[in-house]
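Residues per chain, in single letters:
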Amino acid sequence: MHKINLPLGTRAEFGERASRKQVLVNELQKSLEKRSFMKVNTPLLEYKEVFANFDLKQMRTYQLLDRNNKTVVLRPDLTLPIARLLTTTNIKLPQKLYYVGDLFKIAKELSGRNNQMTQAGIELVGYSSSKAELECLLLINRISRKWLNGRVKIEISHACFAESLLTNITASTELKNRIKRELYRKRIPEYQRAIKQFENTSIYGFLQKWPRLFGEVADITKMLEGIKLPTQAYSALQETVKVAKWIAKIPGQKVIIDLSTAPPQRYYTGITFKGFVDDIPEYLFSGGRYDQLLESFQAQPEPAVGMGIDIDLLSEIAELENKKEDKNYLFFEPDQTEYVSEWLLKNGNYELSLEDDLETAKEKAYEKNAKLFKINKQGEIENVVKNSSN
Ligand SMILES: N[C@@H](Cc1c[nH]c[nH+]1)C(=O)O
């Protein structure tokens, strides 16, 4: 028979990879449930319009036609479907939500990336206080301490900083976009050319430093000493500094501010953040405030903050406790099912031995370092001691 391979960019998961993922997801869910987060599942398929404003960053969506020839897509993001859901149901707000699920983005060929990814995340909808940002950042810190030896570095930024600053100095959308583009790509000579026309204005000192506006709170404050920023950009900066200072108070938590980076998504309207580990270029965590998103689905605007967690990456690098539990095998005869069913119901740590005969069961148990039990004629459980001669 000829073998059929998987489509490009997909993979099957089994054994250790699959079970590590499951352990992480279980633990995360447990801790979120305890803190009254409400689980949300949305379908894998949505109408294309849901993602109209989603920045796919040179990737594409899988598109299909439904029965009425309407285009549906495999979701490339989980926040937009949740926003859609909130505007079409009467879930009471404020609400703390969480999700775990797969998303799909077609990466460039030969990029080596998977097109299907598992993401967990939280959405705090209806909360205007910066405490909602803190809730996300504290979760990042907990995950970092629990599974990553505290190695996660948090980068904080503000989605409105660049736009509000540039709006203050030029009315040209084209010029604003050009400056942002070169700044975000760190193409310094091109950036210098783009800002040249502001050479004789008071903002020029700032514009020159902008690509380097990246560092710890103290570095940023120092770099900006004596610089006067337009009011809105200044308040975005103040907010970023405020949140970064709160996070820096957590012992061992590294925080940097980056005001020269692009917001991770178009829907963010306030503080944004990412979490990285060591030199891995992909981020593990990404999120921020998105106060206008519900409005874009024809509902009231609602203050909201959320973040996503890359479960594939997390499960690759997490240091999970190796819980070595004692293995107990239960040997039985098929006509003893009444005892077997009782026993298994009450004793979660017994595994059925599926060997045909007791001798093979003993060997198997020995091989796996497990204790072997059997059910005797009276329906009682007894330990099978391996013959010393074997
Ligand atoms: N959906 C975002 C993460 C997020 C969740 N909530 C808000 N933001 C992402 O994929 O990057």
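Parameters and conventions
- Residues numbered from 1 in each chain as written.
- Predicted model: local features only at pLDDT ≥ 70, side-chain atom pairs only at ≥ 80, totals over all residues.
- Heavy atoms only, no water.
- Buried < 20%, exposed > 50% of the residue type's maximum accessible area, 1.4 Å probe, protein only.
- Helix = DSSP H or I, 4+ residues; strand = E, 2+ residues; numbered from the N terminus.
- Pairing = 2+ DSSP bridges.
- Right-handed = clockwise from strand over helix to strand, strands pointing away.
- Patch = residues over 30% accessible without salt bridge, like charges linked within 9 Å, V, L, I, M, F, W, Y side chains within 5 Å.
- Areas by Shrake-Rupley, 256 points an atom, 1.4 Å probe, with all protein chains shown as cover.
- Salt bridge = Lys/Arg side-chain N within 4 Å of Asp/Glu carboxyl O.
- Near = heavy atom within 4 Å.
- Polar contact = N/O pair within 3.5 Å; in protein donor to acceptor, adjacent residues only side chain to side chain.
- Nonpolar A, V, L, I, M, F, W, Y, C, P; charged D, E, K, R; others polar.
- Expected span 1.5 Å × (residues − 1).
- UniProt positions renumbered as here; feature names shortened; annotations may be inferred.
- Contact = heavy atoms within 4.5 Å.
- Disulfide = S-S within 2.5 Å.
- Axes fitted to C-alpha atoms, helices over the stretch in contact; angles between N-to-C directions.
- Parallel < 35°, antiparallel > 145°, perpendicular 65-115°, else oblique.
- Left-handed = near helix turned anticlockwise from the far one by under 90°.
- Core = buried A, V, L, I, M, F, W, Y, C linked by side-chain atoms within 4.5 Å.

Another aspect to go through is the pairing of strand β13 (residues 328–331). Side chains Asn328 and Leu330 of β13 all project onto a buried face; the interleaved residues Tyr329 and Phe331 project onto the opposite face, where all are buried too. Note that β13 and strand β14 (residues 350–352) share three bridges and pair parallel. Across the sheet, the residue bridging to asparagine 328 is tyrosine 350, located in β14. For the segment spanning β13, helix α11 (residues 337–346) and β14, crossover handedness is right-handed. Pairing between β13 and strand β15 (residues 371–375): four bridges, direction parallel. When the sheet's bridge partners are listed, tyrosine 329 is paired in β15 with leucine 372.

With that settled, consider a nonpolar patch on the surface. Side chains of Leu44, Leu45 and Leu64 sit close together on the surface and give an oily, nonpolar patch of about 240 Å² of accessible area. Considering the arrangement of structural elements, one finds leucine 45 in strand β2 (residues 45–47).

In this section: the site of the ligand. Within the structure, the ligand sits among 13 residues, and Asp77, Thr79, Glu123, Tyr267 and Tyr268 are positioned closest to it. Here aspartate 77 contributes a side-chain N or O atom positioned 2.8 Å from a nitrogen atom of the ligand. Considered on its own, the ligand offers 300 Å² of accessible surface; in the complex 93% of this is hidden by protein. Secondary-structure elements contributing two or more residues to the shell around the ligand are β6 (116–125), β11 (285–289) and β12 (304–310). Its residues assigned to classes, the shell around the ligand comprises five nonpolar, six polar and two charged.

Counted residue by residue, strand β7 (residues 152–158) has six buried out of seven residues, so it is predominantly covered. Relative to strand β9 (residues 254–258), β7 is paired through four bridges, and the arrangement is parallel. If you follow glutamate 155 over to β9, its bridge partner there is isoleucine 256.

Taking 1.5 Å as the rise per residue, helix α5 (residues 173–185) with 13 residues should run 18 Å; its terminal C-alpha atoms sit 18 Å apart, in good agreement. Downstream of α5 by one or two residues, lysine 186 has phi in the positive range, about 55°.

Our next topic: the UniProt feature "binding site: L-histidine" (unreviewed entry) in the protein. Using the residue numbers shown here, the UniProt feature "binding site: L-histidine" (unreviewed entry) corresponds to Asp77, Leu78, Thr79, Gln119, Glu123, Tyr267 and Tyr268. Inspection of the secondary structure puts threonine 79 in helix α2 (residues 79–88). Aside from chain neighbours lying at most four places away, what touches threonine 79 is Tyr99, Glu123, Tyr267, Tyr290 and Leu293. By the secondary structure assignment, tyrosine 267 is in the loop between β9 and β10 (271–277). Discounting residues that sit within four places of it in the chain, tyrosine 267 has contacts with Phe54, Asp77, Thr79, Leu80, Arg289, Tyr290 and Leu293.

What follows concerns the state of the cysteines. One covalent bond between the sulfur atoms of two cysteine residues makes up a disulfide. According to the stated counting rule, one finds zero disulfides in the structure shown. Of all cysteine sulfurs, the one in cysteine 160 lies closest to cysteine 136, which takes part in no disulfide; the gap is 17 Å.

Right, let's talk about the packing of α5 against helix α6 (residues 188–195) for a bit. Between α5 and α6, the shortest axis-to-axis distance is 8 Å and the interhelical angle comes to 155°. With respect to their mutual orientation, α5 and α6 come out roughly antiparallel. Between α5 and α6 lies a crossing whose hand is left-handed. Across from Leu175, Arg178, Ile179, Glu182 and Leu183 in α5, the residues of α6 making contact are Glu190, Tyr191, Arg193, Ala194 and Ile195. The residue makeup of the contact of α5 with α6, split by class, is six nonpolar, no polar and four charged.

Counting residues in each nonpolar core, the largest one holds 67 residues, and the members touching the most others are Phe161, Phe206, Trp210, Ile309 and Leu314. The element contributing the most residues to this core is helix α3 (residues 131–147), with eight residues. If we skip the residues at most four places from it in the chain, phenylalanine 161 touches Phe206, Trp210, Leu229, Ala233, Ala236, Leu237 and Leu259. Counting residues in each nonpolar core, the second largest holds 23 residues, with Leu80, Ala83, Tyr290 and Leu293 among its members.

Let us look at the sheet that holds strand β3 (residues 63–65). Reading across from one edge, β2-β4-β3 is the order of the three strands in this open sheet, with antiparallel pairing throughout. The strands lining the two open edges of the sheet, one partner per strand, are β2 and β3. Strand-to-strand, the axes of this sheet are offset by a mean angle of 40°, without reference to chain direction. One ladder, built from three bridges, connects β2 with strand β4 (residues 71–74); its direction is antiparallel. Across the sheet, the residue bridging to leucine 45 is leucine 74, located in β4.

Right, let's talk about the sheet that holds strand β1 (residues 38–39) for a bit. Through backbone hydrogen bonds, the strands of a sheet pair up, either in parallel or in antiparallel fashion. Across the sheet, which stays open at both edges, the nine strands sit in the order β1-β5-β6-β12-β11-β10-β7-β9-β8 with mixed pairing between neighbours. Whereas interior strands pair on both sides, the edge strands pair on one side only; in this sheet they are β1 and β8 (214–215). Pairing between strand β5 (residues 95–104) and β6: ten bridges, direction antiparallel. Across the sheet, the residue bridging to tyrosine 98 is isoleucine 122, located in β6. Across the sheet, α3 touches β5, β6, β7, β10, β11 and β12, and the angle it forms with β12 is around 20°.

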